[in-house]
Structures are given as structure tokens and as C-alpha cells.
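Chains, contacts and geometry: an overview
Residues per chain are reported as follows:
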Amino acid sequence: MESHTRFEDLSNEIFFEIFDYFDALDIFTSFSLLNRRISSILQSISLRIVILKKHCRHQIDLLSSYLTFHDQQVTSIKIYDTIRDGSSIISVLFNRHNFINLKSCIFYAINSSTRLDNVIKQIKNLHQLISFTLYQHNNNLSNDDTNEFTHTLLMHKSSFIRSVILQYPCNFLNILKSMSVSSHLISLKLSILISPATACNYTILSVLHLCHNIRYLCLLLKQSKQNNTSNEASLTNDNDFPVLPQMISCELAILDMDIGDSRSIISILRCMPNLKHFYFHLRIQYPHWIFPDELFNGYVWKQMLELYVPYLSKFEFHMEVIRALPKLDLDFIVNSFNYFVGKYSNWHMIIDQWMYDYEHQIEFVMLSTLNYHKRRSMVAVYPVGIDYTSFDTRSTTTTPDNHYLFYTHLKDLTIFVQNKRENITWSSSLFQHITYLVVTTSVRNLSWWNSLFNIVNFHQILNVHDDDKDAQQMVTCLSRMVSLYNVTKLEFRSMFHISIWKHIQYILQACPNVINIIVNTSLLLLPSIIDNASLIPIFKKIKIITSVTENVYFPSNFSLKFVQHFPSLTNIEIQVFSFDHAASIIDIFLTQLEHLSYIKIHYDTDTLLDDHFSCHYIIGKRRQSFSLNYLDEQMINIKNNGRIIEIWL
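Predicted model, so just to flag it, every value in this text is computed and none were measured.

Comments concerning the sheet that holds strand β20 (residues 571–578)
- Within the open sheet, the 10 strands sit side by side as β13-β15-β16-β17-β18-β19-β20-β21-β23-β22. Their pairing is mixed. Each of the sheet's edge strands pairs with one partner strand only, and the pair in question is β13 (386–387) and β22 (637–640).
- Relative to strand β17 (residues 489–492), strand β16 (residues 436–441) runs parallel, the two being bridged by 4 bridges. Residue Y436 lies in a different strand from β17, and its bridge partner there is K489.

Structural notes on the packing of aromatic side chains
- A complete count under the given rule lists 42 aromatic pairs for this structure.
- Put simply, the rings of F278, F280, W301, F315, F317, F337, Y339, F340, Y344 and W347 pair up and form one aromatic cluster.
- Directly above the aromatic system of Y339 lies the positively charged group of K302, at a separation of 4.8 Å from the ring centroid.
- Directly above the ring of Y279 sits R375, whose terminal nitrogen or CZ lies 3.7 Å from the centroid.

Comments concerning the pattern of salt bridges
- The final tally for this structure, using the stated rule, is 16 salt bridges.
- One salt bridge connects R57 with D61, and the closest N-O pair in it is separated by 3.3 Å. Remark: D61 and R57 occur in helix α4 (residues 57–67); sequence separation between them is 4 residues, near one turn of the helix.
- What makes R57 partly exposed here is its relative accessible area of 28%.
- For D61, a relative accessible area of 33% corresponds to the partly exposed category.
- Between R283 and D256 there is a salt bridge; the shortest N-O distance is 3.0 Å. Taken as a pair, R283 in strand β9 (residues 277–284) and D256 in the loop between β8 (249–255) and α10 (262–269) lie far apart in primary sequence, 27 residues in all.
- Ionic contacts of the salt-bridge type, sharing partners, join the residues R57, D61 and R96 into one network.

Focus on the pairing of strand β10 (residues 314–324)
- For β10, a buried count of 9 out of 11 residues is recorded, marking the element as mostly surrounded by other parts of the structure.
- The pairing of β9 with β10 spans 8 bridges and is classified as parallel. Each residue of the ladder has a partner; that of R283, found in β10, is E320.
- Traced from β9 through helix α11 (residues 298–308) to β10, the parallel crossover comes out right-handed.

Observations regarding the packing of helix α9 (residues 200–208) against α10
- Remark: α9 packs on α10, axes separated minimally by 10 Å, with the N-to-C direction vectors making an angle of 0°. In terms of axis orientation, α9 runs roughly parallel to α10. Only S264, S267 and I268 of α10 make contact with α9, whose side of the interface consists of N201, I204, L205 and L208.
- Classifying every residue of the contact of α9 with α10 by side-chain character gives 4 nonpolar, 3 polar and no charged.

Notes on the domain arrangement of the protein
- Domain assignment breaks the protein into domain 1 (46–185), domain 2 (198–225 + 241–374) and domain 3 (412–419 + 428–443 + 467–648).
- The C-alpha-based centres of domain 1 and domain 3 are spaced at 37 Å.
- Every contact between the two is made by 5 residues of domain 1 and, on the other side, 5 residues of domain 3.
- Summing both partners gives a buried area of about 560 Å² for domain 1 against domain 3, and 53% of it is carried by carbon and sulfur.

Notes on the packing of helix α15 (residues 468–481) against helix α16 (residues 501–510)
- As a packed pair, α15 and α16 sit with axes 9 Å apart at the nearest point and diverge in direction by 45°. Put simply, α15 runs oblique to α16. As α15 packs across α16, the resulting crossing turns out to be right-handed. Facing D468, D470, A471, Q472, M474, V475 and L478 of α15, the residues of α16 in contact are K502, H503, Y506, I507 and A510.

Here we look at unusual backbone geometry
- Note that the residue after L325, namely P326, is joined by a cis bond; omega there is 20°.
- Residue placement: P326 occurs in the loop between β10 and α12 (330–336).
- Not every positive phi belongs to a glycine, and D256 is a case in point at roughly 55°.
- On the basis of relative accessible area, D256 is assigned to the buried category, the value being 11%.
- Of note in the backbone geometry, Q361 takes a positive phi value of approximately 55° without being a glycine.
- Tracing the backbone through its elements, the reader meets Q361 in the loop between β11 (349–357) and β12 (362–369).

Quick notes on the side chain of S429
- Relative to the helices and strands, S429 resides in the loop between β15 (412–417) and β16.
- Its relative accessible area of 14% is what places S429 among the buried residues.
- A polar side-chain atom of S429 sits 2.6 Å from the main-chain carbonyl oxygen of S479.
- Excluding anything up to four places from it in sequence, S429 contacts Y404, S479, R480, M481, V482 and S483.

What counts as what
Residues numbered from 1 in each chain as written. Predicted model: local features only at pLDDT ≥ 70, side-chain atom pairs only at ≥ 80, totals over all residues. Heavy atoms only, no water. Pairing = 2+ DSSP bridges. Helix = DSSP H or I, 4+ residues; strand = E, 2+ residues; numbered from the N terminus. Phe/Tyr/Trp six-rings, centres within 6.5 Å; stacked < 30°, edge-to-face > 60°. Lys NZ or Arg CZ within 6 Å of the ring centre and 35° of its normal. Salt bridge = Lys/Arg side-chain N within 4 Å of Asp/Glu carboxyl O. Buried < 20%, exposed > 50% of the residue type's maximum accessible area, 1.4 Å probe, protein only. Right-handed = clockwise from strand over helix to strand, strands pointing away. Axes fitted to C-alpha atoms, helices over the stretch in contact; angles between N-to-C directions. Parallel < 35°, antiparallel > 145°, perpendicular 65-115°, else oblique. Contact = heavy atoms within 4.5 Å. Nonpolar A, V, L, I, M, F, W, Y, C, P; charged D, E, K, R; others polar. Domains from an automatic or database assignment. Buried area = accessible area lost by both parts, 1.4 Å probe. Left-handed = near helix turned anticlockwise from the far one by under 90°. Polar contact = N/O pair within 3.5 Å; in protein donor to acceptor, adjacent residues only side chain to side chain.

Set out below in C-alpha cells:
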């Protein structure tokens, strides 16, 4: 006779291990009401709170109700402040609960309306806090809040504090006012705003003066739009270089600032004589700035590193610069870095070059080492749109066609589809890990178009440019740049004219795994696209579509054809003229698309009629067509601000 073990008969140790895989919301919703023994176990485990953008307010309130008796068990928090139907979630939870045993805290994108007084007060009194992280890519926090966060975390009194990441724009002077950093802190990442009048290396040296015990330092420097006229140079002596023998790892990311020359780098490196790892990220997007080309010279780097950081075992960099012609000599640059191939393990570098602006004779240059992107940098890399007609590349590697190894991290890429390229010297795709491809074009640089905007008769345009050969050649060139097989999200920028619809057809056919498309509404409505028999099988696999174009509206009488051609859609974003049109379109989407989970419709004109969309109405429509019994009314959300209506199912 076989014996069966019931779930509740498992040992406590196994339950503890199971619960380690779930966050607090999952644990409470799945296990809290099973039996007394499970409820007793839930009283003694550590809890992780994870709030993502996809969550809704009902889930937050449900979690909060459970936390009433469990908030002291929370040791880790990861919260997006704005969720799909609400914001200020951080203050909601911290106002309701006291997380006295919190050890790890991560906040994302705090909303400008969020009151942080009580949040900061609690953080100050977290005596077991080990790490704190705030990712705030916009600058919508008040100066008072950023000042308080900066001072609170840099001077935190917890004896356990080890890591602080403040990736929001901190004002340089506010950091200096701290005048000290907690002696228990060993890892620090800061994003710093600098006024144009402040020297970049002066700022870095001033921060280094505070880092008496920091071993791992990351500094991201950006230029502030506001010019600070205070006499910052009087705060410290530029010749008073701090010596930090404990510093073993340093990352410098300098974005859109005048960095000076190699002497600026030397003044920083000399402060860290025992440095083992050095990561350098530079981005210059203003061609009128004077950029020291010596930073592209490996011989200069060799001299600096050997003289000032002799114990260095890892040197990685990523540099991208927009500069005026003449073009750089790629062969000289690559040869100058060959020394490091033998110096460091598995070290190689690559340089890419293409025209950024033909009219003003400006090029884009990008240098990167093989292993730079294998660590989590403070800066995401998004190269400007690549002009494949002028693209050129060199590397220190001897193996051909391994360009993609330098950019395994890169998932998003924009390609300018220009004139056909004849001299392709590589045989495999340069970027093989791209999942989001943006295809765009420039009218003035496309010989195929023959000044098509000067041609009045649209039908003549279609006859002239309905050329399979040109389209196929363009896709061949595109496939040499990007592995189209891996692309799942495809965007055609609005400048993609309807007269070259054939190119869109061939691109879609060359991307067999695309499930998400962003397309001009004019293109979507074009019979040559929507009624194209060769594209119907591709449309049937599409799950997400965005078609929002200024002054071009999605017609309500197109809705039935649309859902017939795109039956697998889960997410839709379109633009219509009025809310009346939106209402009729939503009804069709609700009753015809079984897998639908999100609708977003922009409309320019409101209506005098009442908005009849409610949870009850939506559930009725869905069950009327699909007999869906699993719909949860509390998980359905509707937002209508008078310009946009959003529905989550």
C-alpha cells in the first residue's frame, strides 16, 4: 500500500526553505489561512517585501493588513513608489508600519508627491541596517528630501551599515556639508550633480577626502543645468591630495562634462596607491566641446596606470564621444592598447565608429573593453542610432566576427536604414543579443526615395518604390548588424514613410520571434500592410502593439479588422479622436480578444456622455464572450484622467 505525505505534514525546516523563495505578499496570500501550524511558522520567519510596478493598490492594502502583526519580521524591502493604479506607496507602508528590524532597503523612482518625513525618520533609527539603495533617475525630489537622504545615509549610525547606493542627482555642495562618512561604510555609490563652473577632478578629489574607510567607490558625475556661483574652490586645497590606501576598487562615470586631460585622471589615481580594480566610463555628447584625444591613446593609459596604480589587476572602460571630423585612426588606437592584452587576463578592447551628422561632419566613436559590461555599472549603455552605411570597427582580438562578445549586455539598439552598403567586411551579425530593435530612416540620405516628398501623386510613388530587390538588400545589411532572430520588440520610428512599406514587410518577415511592435498609425492602417497575406501569420503572434501618432487617429471602424488580424494581443496602446470612439473600440477589444490584459487609449476630445466603464461592466463583457470564471474583480483597474483611459484586466 502506497503512503502519501500531505503538504502540511512537511517538517518546519522544509517550510522555512520553501518560504525563502517567496516574498511576503505571496506567502500571506498562499499560506496564511491553511492551518494553525502554518500560521505559527509564519510568525517566526523573516519576510521580504517586494512591490513592483505591476502591483495594484488592492494588493498593497492586503499586504498591509497582514503586516499589522508581522512588520517586525520584515528584514528586506524593495519598493517601486508608483504602481499601476497609485503612487506614494513607500510613504503608505512606512506610515502604517514600523520596520525596526530592516536590514536591506531598496527604493525605486520616488514620486514627487510622496511625503518622506516619516520614511527618513524611520531610516535614521534602523539600527540593523546593512545596505540602502535609492534609484531615482529623474530629478523630481525636493532639495530638502535629497539633502536629508544624503546626510542620513552617509552619516548613518548603524554599526552594521556596509553599503549605500544613492543613484539620484545629489548636489555637490550638499555632500561636502556632510564632511564625513560613516566609518562602518565600506561600499559607496553616488550620483553627483556639478555646476558648470566646478572642475570635474576637483569634485572627485573633494569627495575622496570624505572616504576614509571606503574600499569600493563608484562616482557618477553629471553636469547641472544651474550654475552655482559660490566660491567652491575655497572649500579645500586643490594640492591637498588625500591618500586612501584601503581603496581597492573605483568606478568613475563622467557624463557630458569637460573632463580636462590625462592630468585630471592622474590627480585621482594618485590618491589610491593600492587600487586593484579601475572602471572608467566617459560620455561626451556635445561635439563643440574640446575632447582630449589622448584618452583614446593606450600608450598614455599605460604610463598613467604603471606609475600611479602599480597593483592594478583589472582595467575596464567604456567611452562614447561625439566629435567633429577628421576621423580618428582606428588602427593606431587599437595598436596602442595591445600592451594591455598581455598585461591583464582575458583583456581586449574594441572601437566602433560611424557618422552621426553628415551635414556638420560629426562622427560617433565608441570604445569598450571585453569585460566592462560583465559587472553592474551605474550607467546603462545606449549608443546613439547607428548609421550602418558608414559603420567601421576594429579590435585587439585576432578572431574574426567576435564583435558581439563585447556587447552581450546590449539589448536595445537603434539602426538608421540609409543607402545600401556594398563593402561589408564581416560575415556574422555584430550585435547578437538585441531584443528591442528600433529601425528609423532619414529622408535626405535615402537614395531610394528620390526626393519623394516632392512627388505629388502618391500612387506614382508606390509604383516607383515597390521594389523587392531594394527591400531585400536593406534587410541583408540590417541582418549583418543585428541578429534579427533574437528580436522580440520591433519599433518603426514615425519618420518611416508609408512609401517604403515593402521594407517594413521584409523586416517583419526577417524577425520570426517578434511579439511586440511599435508602429506609426498611418503604416498600420495601410492596406499594403494590414491586408498583406504574407504578414497575417506574423500578426497572429503579436502580443503587444503600440500605435500612437500625433494627429493620426485609430478609426473605430477599423477595430474589427484589427482584432481579427491580431487575435493574440495582450497589451494595446492607441490614439483616437474622442472618448466616444474609445468607448466603442474598448467594447470590441473586451469581447474579441481573449488574452487581453491591458488597454491604453489616448483621446483628444472628451464626451458629454458618462464613462460607463466599471469593474462590473468589464467582467460582464468578458464573461459574455469567453466564459472566464477566474476574473478577480479586485484586480481590475480603470483610470480615466480626461485624456487617457487605461484598463487593467
